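Chain residues, written in single-letter form:
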Amino acid sequence: MGANRGENSPLREAALIIVDVQNDFCPGGSLAVPEGDQVVPVINKLAPLFPVVVATQDWHPANHCSFQAQGGPWPPHCVQGSTGAQLHPAVDRQHITAYVKKGVLPNKDAYSGFEGTDEAGRTLAELLRQRGVKEIYVTGLATDYCVRATALDGLKEGFKVHVVTDAVRGVNVKPGDDQRALEEMRAAGAFLKTSAEILSGAGVGEAVGASAYAESPQ
Ligand SMILES: [Zn+2]
């Protein structure tokens, strides 16, 4: 598809973050996000453009504090090693360069991918910096929880943060929670982008305004 991941790509210092696109958060799962699976084809289109692609996963012990049996707000979900904790089967794994797991201890919940670690024990911020990443594009589930927390933490960690608006979906415990979360992320400094804008900016399709892809100083 003409994707350019080389040194002239506008995305050469960017990472795609796929937040929690797990079976339990998709239709049929124990904590399904409405239309959660509809982010998958969008993510699969974007992933080839990025030199770094990180998938985060909720990865909870069976007695996790966020589960209702322990007084938490949620039904059991994404229990370590379960089918529900696996990425949705349609997520194209071939471009994923790292997996980050979070919420792995019984007594601590973690919405943000930046609270997780990879199999080598590196935090998300550490592994991004080791790969020279300066900006992140956040996708996945759910807009009003883990996407929100990941984007806000990314800003705190000093990354330029984009949220891909057609590659996220919200839980919407209260109607409009997803839109409020997007506004909060924008107000905090994140850029809201559509996948079409990103694809065209990377030379896949028509060009768009160059300002969003201005080169950052070395
Ligand atoms: Zn969880």
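Presented here is a report on the structure given in the accompanying data block. None of the values given here were measured: they were computed from a predicted structure.

### Focus on the environment of Glu 157
If you trace the backbone, Glu 157 turns up in the loop between helix H3 (143-156) and strand E5 (160-169). On a C-alpha basis, the gap between Glu 157 and Asp 24 in space is 29 Å, while along the polypeptide they are 133 residues apart. When near neighbours in sequence (up to four residues on either side) are disregarded, Glu 157 contacts Phe 114 and Ala 125.

### Digging into the sheet that holds E5
Pairing in this open sheet of six strands is parallel, and the strands run E3-E2-E1-E4-E5-E6 from one edge to the other. The open sheet has two free edges, formed respectively by strand E3 (98-102) and strand E6 (191-193), since each of these has just one partner strand. On average, each strand axis in the sheet is tilted by 25 degrees relative to the strand beside it, whichever way the strands run.

### Things to note about the packing of H3 against helix H4 (residues 177-188)
Relative orientation of the contacting elements H3 and H4 amounts to 0 degrees, with a least axis distance of 10 Å. With respect to H4, the axis of H3 lies roughly parallel. Listed contacts from H4 to Thr 143, Asp 144, Arg 148, Ala 151, Leu 152 and Leu 155 of H3 are Asp 177, Asp 178, Ala 181, Leu 182, Glu 184, Met 185 and Ala 188. Residues belonging to the contact of H3 with H4 are distributed by class as follows: seven nonpolar, one polar and five charged.

### Details of the pairing of E5
Here E5 lies mainly inside the structure; seven of its ten residues are buried. In terms of handedness, the path from strand E4 (residues 135-141) via H3 over to E5 forms a crossover that is right-handed.

### A few points about H4
The terminal C-alpha atoms of H4 lie 16 Å apart, and with twelve residues this matches the ideal 16 Å at 1.5 Å per residue to within 8%. Looking only at H4, the buried set comprises Asp 178, Ala 181, Leu 182 and Met 185. Seen from one end, H4 has its buried residues packed into an arc of 100 degrees, which puts them on one side. Residues of H4 that are exposed and point over 90 degrees away from its buried face: Glu 183 and Ala 187. Looking at the buried positions of H4, the neighbouring elements they touch are H3, E5 and E6. Two residues or fewer past H4, Gly 189 is found with a positive phi of approximately 120 degrees.

Parameters and conventions
- Residues numbered from 1 in each chain as written.
- Predicted model: local features only at pLDDT ≥ 70, side-chain atom pairs only at ≥ 80, totals over all residues.
- Helix = DSSP H or I, 4+ residues; strand = E, 2+ residues; numbered from the N terminus.
- Contact = placed C-beta atoms within 7 Å.
- Pairing = 2+ DSSP bridges.
- Axes fitted to C-alpha atoms, helices over the stretch in contact; angles between N-to-C directions.
- Parallel < 35°, antiparallel > 145°, perpendicular 65-115°, else oblique.
- Nonpolar A, V, L, I, M, F, W, Y, C, P; charged D, E, K, R; others polar.
- Buried ≥ 20, exposed ≤ 12 C-beta atoms within 10 Å, placed from the backbone.
- Right-handed = clockwise from strand over helix to strand, strands pointing away.
- Expected span 1.5 Å × (residues − 1).
- Arc of directions from axis to C-beta.

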